[in-house]
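Single-letter residue listing:
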Amino acid sequence: MADVLVLCYHAVSERFPAALSVTPEAFERQLALLARAGYRGATFEDAVKAGSGRVAAVTFDDAYLSVLALGKPMLDALGWPATVYAPTDYLDAPERPLKWAGIEQWHGGEHERELLPMSWDQLGELAEAGWEIGSHTRSHPHLTEIGDDALRDELVESKRVVEERLGRPCATLAYPYGDHDERVVAAAGAAGYAAAGTLPARLHAERPLAWPRVGIYHDDDERRFKLKVSRVMRRLRSSRIWPG
Ligand SMILES: [Zn+2]
């Protein structure tokens, strides 16, 4: 059976002190560690379907511009593709910083430009280079907190827009904040997604439409990164004895 490791990143930056940003140096070290451990990189869609071996899917939520400038060259050096999850409503105004609960505190300050998203053209370039572009919904809501019609719209419309803009299928989704429940998972399946990533505090069983991703953050030093990605620790964290 394949050992599928799905990592969730957001921004890559030298200076951005947010929890959701990692430095290029840390990112490079983390990738090197995985490559040395025998992982091969894949898109999320391919990783979920992998039959054997150690497969690492690097995913980036929110489509930060910094991923293109600082993350892609390091993945290119390994020949690894990655997956970007795009909140589609925001990408028609690429000079407008992303804004929702959790990142809005960075607006108006010196780091505001770290919140700029990629343009559709830039996402198209990534897709050309073998990356996967998936949906991160239209407006980045907590999906468990919205009604059925709004839920369907967030899932169906974002998928349609990615497909229309990039001219290729949008097969996977990342739930904003990792927030999901059985109603949301069923709606993702009904909207036509083949797979979707969560971001749980406690890892859970792997299902294509609720696939636990390991979130990597600013303060994850090498020791903590190794712990998070270790297969034994992932098993332990998915069991009931792990608190939180
Ligand atoms: Zn997000």
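As shown above, the structure is provided for reference.
### Considerations on the environment of R237
Within the secondary structure layout, R237 lies in helix 8 (residues 231-238). Taking the relative accessible area as the measure of exposure, R237 reaches 14% and is therefore buried. Note: C-alpha distance between R237 and P200 (37 residues apart in sequence) is 10.0 Å.

### Remarks on the coordination of the zinc ion
Around the zinc ion, the donor atoms from the protein are D62 (OD), H136 (NE2) and H140 (NE2), and they sit 2.1 Å away. Read in sequence order, the donor residues coordinating the zinc ion give the pattern D-x73-H-x3-H. Here D62 is found in the loop between strand 5 (54-61) and helix 3 (65-78), whereas its partner H140 is found in the loop between strand 7 (132-135) and helix 5 (148-166), with 78 residues between them in sequence. In terms of burial, D62 and H140 fall into one category: buried.

### Observations regarding the side chain of D3
With respect to the helices and strands, the residue D3 is situated in strand 1 (residues 3-9). One polar contact links D3 to Y39, side chain to side chain, over a distance of 2.8 Å. Here R54 takes part through its side chain, which lies 3.3 Å from a polar atom of the side chain of D3.

### With respect to the nonpolar core
Counting residues in each nonpolar core, the largest one holds 61 residues, and the members touching the most others are F60 and L123. Take this core: its biggest share by element is five residues, from helix 5. In this structure, F60 is in contact with Y9, H10, V12, F27, V67, L75, A82, T83, V84, Y85 and W131, ignoring residues within four places of it in sequence. Counting 13 residues, the second largest nonpolar core, distinct from the first, contains V4, V6, F44 and V55.

### Looking at helix 7 (residues 222-229)
If you check which residues of helix 7 are buried, you get F225, K228 and V229. Seen from one end, helix 7 has its buried residues packed into an arc of 85°, which puts them on one side.

### Quick word on the pattern of salt bridges
With the rule as written, the count across this model stands at 20 salt bridges. Where R207 meets E182, a salt bridge forms, and the shortest distance between an N and an O atom there is 2.8 Å. You can see R207 sitting in the loop between strand 9 (195-198) and strand 10 (211-212) and its partner E182 sitting in helix 6 (residues 182-190), a full 25 residues away along the chain. Classification of R207 by relative accessible area gives partly exposed; the value is 37%. When salt bridges that share partners are traced, they join R29, E222 and K226 into one network.

About the thresholds
- Residues numbered from 1 in each chain as written.
- Predicted model: local features only at pLDDT ≥ 70, side-chain atom pairs only at ≥ 80, totals over all residues.
- Heavy atoms only, no water.
- Helix = DSSP H or I, 4+ residues; strand = E, 2+ residues; numbered from the N terminus.
- Buried < 20%, exposed > 50% of the residue type's maximum accessible area, 1.4 Å probe, protein only.
- Donors = N, O, S within 2.8 Å, 3.2 Å for Na, K, Ca; no water.
- Polar contact = N/O pair within 3.5 Å; in protein donor to acceptor, adjacent residues only side chain to side chain.
- Core = buried A, V, L, I, M, F, W, Y, C linked by side-chain atoms within 4.5 Å.
- Contact = heavy atoms within 4.5 Å.
- Arc of directions from axis to C-beta.
- Salt bridge = Lys/Arg side-chain N within 4 Å of Asp/Glu carboxyl O.

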